[in-house]
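Summary of structural features
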Amino acid sequence: MKTILKLMTPMMLWALLFTSCEKKDQDNQLNEEQTQQMIISTEDHATADDLFQDIEDRVDEAIETRGADNDCPVVWASPDWQTFPRTVTIDFGDECVGPDGRTRQGKIIVEVTDNILNPQASRTATLDNFFIDDVKIEGSRTWTNQGYDADGNITLLRTVRNGKIIYPNGEEAEWDSEVLLTQTAGGNTPLNFFDNVFEMTGTAAGINRNGRAYEVFIESPLVLDKICPWLVSGIFTLTVDNVDVSVNYGTGNCDNKAMLTLPNGTQQEIVIGRWW
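Residues numbered from 1 in each chain as written. Predicted model: local features only at pLDDT ≥ 70, side-chain atom pairs only at ≥ 80, totals over all residues. Heavy atoms only, no water.

Considering the nonpolar core
Core analysis: the biggest nonpolar cluster contains 57 residues, and Val-59, Val-88, Ile-90, Ile-108, Val-110 and Ile-137 have the highest contact counts within it. In terms of residue count, the dominant contributor to this core is helix H1 (residues 2–65) (10 residues). Beyond its immediate stretch of four places on either side in the chain, Ile-108 contacts Ile-55, Arg-58, Val-59, Val-88, Thr-89, Ile-90, Phe-92, Ala-125, Thr-126, Leu-127 and Phe-130. (Core = buried A, V, L, I, M, F, W, Y, C linked by side-chain atoms within 4.5 Å. Buried < 20%, exposed > 50% of the residue type's maximum accessible area, 1.4 Å probe, protein only. Helix = DSSP H or I, 4+ residues; strand = E, 2+ residues; numbered from the N terminus. Contact = heavy atoms within 4.5 Å.)

Some thoughts on the side chain of Thr-237
Tracing the backbone shows Thr-237 in strand S11 (residues 233–240). Setting aside its immediate chain neighbours within four residues, Thr-237 contacts Glu-215, Val-216, Phe-217, Glu-219, Asp-244 and Val-245.

With respect to the side chain of Arg-58
Turning to its location among the elements, Arg-58 is positioned in helix H1. Residue contacts for Arg-58: discarding those within four places in its chain leaves Ile-90, Phe-92, Asp-100, Arg-104 and Ile-108.

Some points on unusual backbone geometry
Between Cys-72 and the following residue, Pro-73, the backbone shows a cis peptide bond with an omega angle of 0°. Within the secondary structure layout, Pro-73 lies in the loop between H1 and strand S1 (74–78). For the bond running from Phe-84 to Pro-85, omega is -10°, close enough to zero to count as cis. Tracing the backbone shows Pro-85 in the loop between S1 and strand S2 (86–91). Residues other than glycine seldom take positive phi values, yet Asp-134 does so here, at roughly 70°. With respect to the helices, strands and loops of the structure, Asp-134 is situated in the loop between strand S5 (122–132) and strand S6 (135–148).

Let's talk about the environment of Ile-137
Tracing the chain through its elements places Ile-137 in strand S6. Each C-alpha atom of the pair Ile-137 and Glu-172 lies 9.9 Å from the other, and the pair is 35 residues apart in sequence. In contact with Ile-137, not counting residues within four places along its chain, are Leu-51, Phe-52, Ile-55, Leu-127, Phe-130, Ile-132, Lys-164 and Ile-165.

Quick look at the state of the cysteines
Within this structure, the stated rule accounts for two disulfides. Note on cysteine connectivity: Cys-228 is disulfide-linked to Cys-254, with sulfurs 2.1 Å apart. When the S-S torsion is 95°, as for the bridge of Cys-228 with Cys-254, the disulfide is right-handed. Here the residue Cys-228 occupies a position in the loop between strand S10 (213–225) and S11, and Cys-254 occupies one in the loop between strand S12 (243–251) and strand S13 (257–261), the gap between them amounting to 26 residues. Note on Cys-228: relative accessible area 2%, which makes it buried. Ordinal numbering of bonded cysteines along the protein chain defines a disulfide pattern of 1-2, 3-4. (Disulfide = S-S within 2.5 Å.)

This is the structure we're talking about:
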């Protein structure tokens, strides 16, 4: 019996070592797959946020300037610009290249209940065959005035429902969000939205283009400076399969970059929009 045990022990140790190595390889493969899902989810979330922010900027500009006699886009209000509620249509036609170089097409239709500076006033934008740079965007976005905070700053609740982005290659990603915007600059110049600065807090959730669900929680307020087409600072946590990663927009520079930090400390630069 002792002889048999002596013979079995090395065999058992070898089997245990083999199993451990095999499991380690499986874990490495799983981690690589998870890492890829985190990167894709971050790209999809940041891109959706960027594209829906672009829609918000186009709505602000159209309403505040009333189209300014532009032929691209063409803007009109029904029944008229003095009446509440009213419907504002922003028509980009088949191709409208903006000063920022982005090409837009289709319509944004906005239901306006009151001046957005008044408590409980809202704007709801829906999209009609709308594209930005060949990416189709679907869903609705609503802004509702929540009044003023303790420091006298205006606050807006912004929700996106049934958001979807369809990339030129046919891949799709879904996205919903609910964030509170607190205006920290530009409140004294309501006719000039380019000097507006907002801090955003809240959550989002989506399904990336690989069909994997994710959730987002803003850890440090995201800063939106209307003079820049991208978020300039702030941090959010993105969760995929119960694994958290951190995404940092930087410290104020206007660029389309964010830094993804994985649980092991590895960092990956994310390019927001136009990477397709």
